[in-house]
Amino acid sequence: MEEQTQGLRNPGEMENGIEPCGEECASEAQETTVTEGAAKIAFPSANEVFYNPVQEFNRDLTCAVITEFARVQLAAKGIQIKVPGEKDVQKVVVDLSEQEEENAELKEGANLAPGDQPRTAAVGEICEEGLRVLEGLAASGLRSIRFAREVPGLQSVVANDASARAVDLINRNVQLNGVAHLVHPRQADARMLMYQHQKASERFDVIDLDPYGSPAPFLDAAVQAVSEGGLLCVTCTDMAVLAGNSGETCYSKYGAMALKSRACHEMALRIVLHSLDLRANCYQRFVVPLLSVSADFYVRVFVRVFTGQAKVKASASKQALVFQCVGCGTFHLQRLGKASGASGGRVKFSAACGPPVAPECEHCGQRHQLGGPLWAEPIHDLDFVGRVLEAVSTNPGRFHTAERIRGVLSVITEELPDVPLYYTLDQLSSTIRCSTPSLLQLRSALLHAGFRVSLSHACKNAVKTDAPSSALWDVMRCWEKECPVKRERLSETSPAFRILSMEPRLQANFTIREDANPSSRQRGLKRFQANPEANWGPRPRARPGGKAAGGTMEERRRLHQNKRKEPAEDPVQRAARLKTFPCKRFKEGTCQHGDHCCYSHSSPAPEDPADEAPGDRPETPYQNPPGPGMATGPGID
């Protein structure tokens, strides 16, 4: 990931890996040039934190989302954007008759004054009424340069970073790509820069935050610096915190307790959305999610920010606590607020009633854990997602990761928007200790029972359904009858024993239905990414001196591998160590290994009686007679 220089407090401390040299050729020898999309950047070879190729999907998706956002925003102003490669493709896809084309031309011409031409915005050109974009943590400037060269309808792009070395690198890359008229490098603390643009006339239409780790320190400033209805793009790479490994740390950063759950990736998305909405509510603003994606080692959310005191009152009813059973994993959501209709068409807000669970789980008798609050409303705008999906599908040559974008967005359009969180196939099966049904069998059983079910882009084994937990466990009980479990091996206090001890009230039908197989699965789309390369996680944090060289990092990884395990003993040393111990079976006369025995068969050296004083020799009251086959003599016990 390229945005990883913000962690430095002193901008002058970080070196970009280029040693001071008077010869230009020496500097060029230490730089690496990377081409991604329409941009070409040079970054220091000795500091790999400036570029992470795995994040190309993140940058491609961001360009696609901002393009559609610009199309919507500028269409209201009568401006049409021109995307490279889109017009020619649309002529093939959209099949209009000659009469329909003539009617469309007449209708378009009727809205224009005589002699006027429709206003357009092209890539690489300054649009006076276009979007003002801020990249708060730009590092090498790759993302900002790609915006300038790939997204039409932009007025300006501010590429900010706190490091002086990073800003120098941004300046060189801006000149290298010829986008100095659009991209304006800036050296400042991202928070202070956004706080300085709180006035409505100075706000940014798009703010992109992709820091190293948590974006929590920047969210308060970001929700104030984005314009009315503007787009806020946030990336979180601290997935260990958001996935429940450290709930208290998650609360300190995002204001919510994360739980260890099979649905941890979607829970992470909803925690981030809750944190954004909570910070926006402080300033009478609220967020509307457009797209929320969990991919690789990070989560990425795209939200619009609006202002309205009446709408802010509804924010409490959009948040919910999670009660999750520690035994079977069943979860229930409890809304924080309640919105109900009142006389005169008004909406009345009040506190919600709860909890939705008893002290013990109704299925397995175990206790519940409490997590949240988290966002309980839909996390996608399906209309907007459909527009992005259509644009990427009709112009596949625009992005290198277009195939993956198409697969992920297709699964998102198939998700149930009003069902938070999900179960997984392996979770349900392992809880009752039975074999795992196929995805189509479980989906078919839920569909036969009259419930809705879908996949989730966050997990390929996910089962997102509106069926109550009792119906879901009834389906699993019916499946266990077809694949019986050995009950005698189950503990009476285990969740499996208690769940299977109850008879199902719902008779499941596992006959495969045609609509059980989702469209994205039938078409074989690239829905879930395999590991693209070795060590493909987030790059190390930028450090003063630019010492994060590739060879050094590989050496550190090798040294830290299995550092908590005892090193394997050398066979020769082990054999020599074992020879220091006498063989017990040899003493008993039963050792059959002879000279090949790993223990010692030699007798200890006898002590010289002359060296021992008569009073020092211990007296033995009796001596056991030697057993059969035992050697006798001095030094033999």
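Worth saying up front: this structure is predicted, and the values here are computed from it rather than measured. (Residues numbered from 1 in each chain as written. Predicted model: local features only at pLDDT ≥ 70, side-chain atom pairs only at ≥ 80, totals over all residues. Heavy atoms only, no water.)

**Remarks on the overall build of the chain**
Phase 1: From N to C terminus, the chain includes 22 helices and 19 strands.
Phase 2: Within the chain, the fraction of its 637 residues that count as buried is 47%.
Phase 3: Within the chain, counting contacts between residues at least 6 apart in sequence, those at least 24 apart form 71% of the total.
Phase 4: Counting only carbon and sulfur atoms, one obtains 50% of the accessible surface of the chain, whose full area is about 32,200 Å². (Helix = DSSP H or I, 4+ residues; strand = E, 2+ residues; numbered from the N terminus. Buried < 20%, exposed > 50% of the residue type's maximum accessible area, 1.4 Å probe, protein only. Contact = heavy atoms within 4.5 Å. Areas by Shrake-Rupley, 256 points an atom, 1.4 Å probe, with all protein chains shown as cover.)

**Comments concerning the sheet that holds strand β13 (residues 331-335)**
Phase 1: Spatially, the three strands line up as an open sheet ordered β13-β12-β16, and their pairing is antiparallel. Bordering the open sheet on either side are β13 and β16 (368-375), each of which pairs with just one other strand. Strand-to-strand twist of the sheet, defined as the mean angle between neighbouring strand axes without regard to direction, takes the value 25 degrees.
Phase 2: Those strands touched by helix α11 (residues 264-281) are β12 (319-325) and β16, and its axis lies near 55 degrees from that of β16. (Pairing = 2+ DSSP bridges. Axes fitted to C-alpha atoms, helices over the stretch in contact; angles between N-to-C directions.)

**Focus: the side chain of asparagine 58**
Phase 1: Looking at the secondary structure, you find asparagine 58 in helix α2 (residues 56-75).
Phase 2: Assessed through its relative accessible area of 2%, asparagine 58 is described here as buried.
Phase 3: Apart from the residues lying within four places of it in its own chain, the contact partners of asparagine 58 are Arg143, Asp210, Thr235, Tyr298 and Arg300.

**Some remarks on the sheet that holds strand β6 (residues 154-161)**
Phase 1: The strand order β7-β6-β5-β8-β9-β11-β10 describes an open sheet built from seven strands, whose pairing is mixed. Only two strands of the sheet have a single partner each, and these edge strands are β7 (183-187) and β10 (285-295). Taking each pair of neighbouring strands and ignoring which way they run, the sheet shows an average axis angle of 20 degrees.
Phase 2: In the packing of helix α6 (residues 164-177) onto the sheet, contacts are made with β6 and β7, and the angle to β7 comes to roughly 170 degrees.
Phase 3: Each of β9 (226-236), β10 and β11 (298-307) is contacted by α11, which is oriented at about 160 degrees to β10, the strand it contacts most.

**Examining the environment of leucine 506**
Phase 1: You can see leucine 506 is positioned in the loop between α18 (495-500) and α19 (519-522).
Phase 2: Residues within four places of leucine 506 in sequence aside, it is in contact with Ala449, Phe451, Ala471, Asp474, Val475 and Cys478.

**As for the side chain of serine 456**
Phase 1: Assignment of secondary structure puts serine 456 in strand β18 (residues 453-456).
Phase 2: Those residues within four positions of serine 456 in sequence are excluded, and the remaining contacts are Glu266, Val411, Glu415, Tyr422, Ala462, Lys464 and Phe528.

**Thoughts on the packing of aromatic side chains**
Phase 1: Under the counting rule described, the total for this entry stands at four aromatic pairs.
Phase 2: Seen from their ring centres, phenylalanine 331 and tyrosine 423 are 4.6 Å apart, and the 25 degrees between their planes marks the pair as stacked. Placement of phenylalanine 331 in strand β13 and of tyrosine 423 in strand β17 (residues 423-424) is noted, with a sequence separation of 92 residues between them. Residues phenylalanine 331 and tyrosine 423 agree in their burial class; the two are buried.
Phase 3: The residue whose ring lies beneath arginine 404 is phenylalanine 57, and the NZ or CZ to ring-centre distance is 4.2 Å. (Phe/Tyr/Trp six-rings, centres within 6.5 Å; stacked < 30°, edge-to-face > 60°. Lys NZ or Arg CZ within 6 Å of the ring centre and 35° of its normal.)

**Structural notes on the packing of helix α8 (residues 216-225) against α11**
Phase 1: Put simply, α8 and α11 touch, their axes get as near as 9 Å, and they point 45 degrees apart. On the basis of their axis angle, the class for α8 and α11 is oblique. Like other packed secondary-structure pairs, α8 and α11 cross with a definite hand, here right-handed. Side by side, α8 and α11 meet where Ala216, Leu219, Asp220 and Val223 of the first sit next to Ser275, Leu276, Arg279 and Ala280 of the second.
Phase 2: By residue class, the composition of the contact of α8 with α11 is five nonpolar, one polar and two charged. (Parallel < 35°, antiparallel > 145°, perpendicular 65-115°, else oblique. Left-handed = near helix turned anticlockwise from the far one by under 90°. Nonpolar A, V, L, I, M, F, W, Y, C, P; charged D, E, K, R; others polar.)

**Overview of the nonpolar core**
Phase 1: By size, the foremost hydrophobic cluster in this structure holds 86 residues, and its most contacted members are Met194, Ile207, Leu232, Leu242, Ile271 and Leu276.
Phase 2: Looking at which element gives the most residues to this core, the answer is α11, with eight residues.
Phase 3: Residues within four places of methionine 194 in sequence aside, it is in contact with Leu134, Ile207, Leu209, Phe218, Ala221, Ala222 and Ala225.
Phase 4: Core analysis: the second largest hydrophobic core is formed by 52 residues, Ala39, Ala138, Ile170 and Val179 among them. (Core = buried A, V, L, I, M, F, W, Y, C linked by side-chain atoms within 4.5 Å.)

**Some details on the environment of leucine 276**
Phase 1: By secondary structure assignment, the location of leucine 276 is in helix α11.
Phase 2: For leucine 276, a relative accessible area of 0% corresponds to the buried category.
Phase 3: Distance in space between the C-alpha atoms of leucine 276 and tryptophan 375 is 9.8 Å, their sequence separation being 99 residues.
Phase 4: If near-sequence neighbours (up to four positions away) are discounted, leucine 276 is found in contact with Leu219, Val223, Leu232, Val234, Val287, Val301 and Val303.

**Let's talk about the pattern of salt bridges**
Phase 1: Considering all chains together, one arrives at 22 salt bridges under this definition.
Phase 2: A salt bridge links glutamate 266 to lysine 464, with the nearest nitrogen and oxygen atoms 2.8 Å apart. With glutamate 266 in helix α11 and lysine 464 in strand β19 (residues 459-465), the pair connects residues that are 198 residues apart, well separated along the chain.
Phase 3: Each member of the salt-bridge network shares a partner with another, and the members are Glu36, Arg59, Asp60, Arg146 and Glu150. (Salt bridge = Lys/Arg side-chain N within 4 Å of Asp/Glu carboxyl O.)

**Considering the confidence of the model for the chain**
Phase 1: Scored by pLDDT, the chain comes out at a mean of 81, with 78% of its residues at no less than 70.
Phase 2: Counting contacts from residues 611-637, a segment whose pLDDT is below 50, to residues more than four positions away or on other chains yields 13 contacts. (pLDDT = per-residue confidence, 0-100.)

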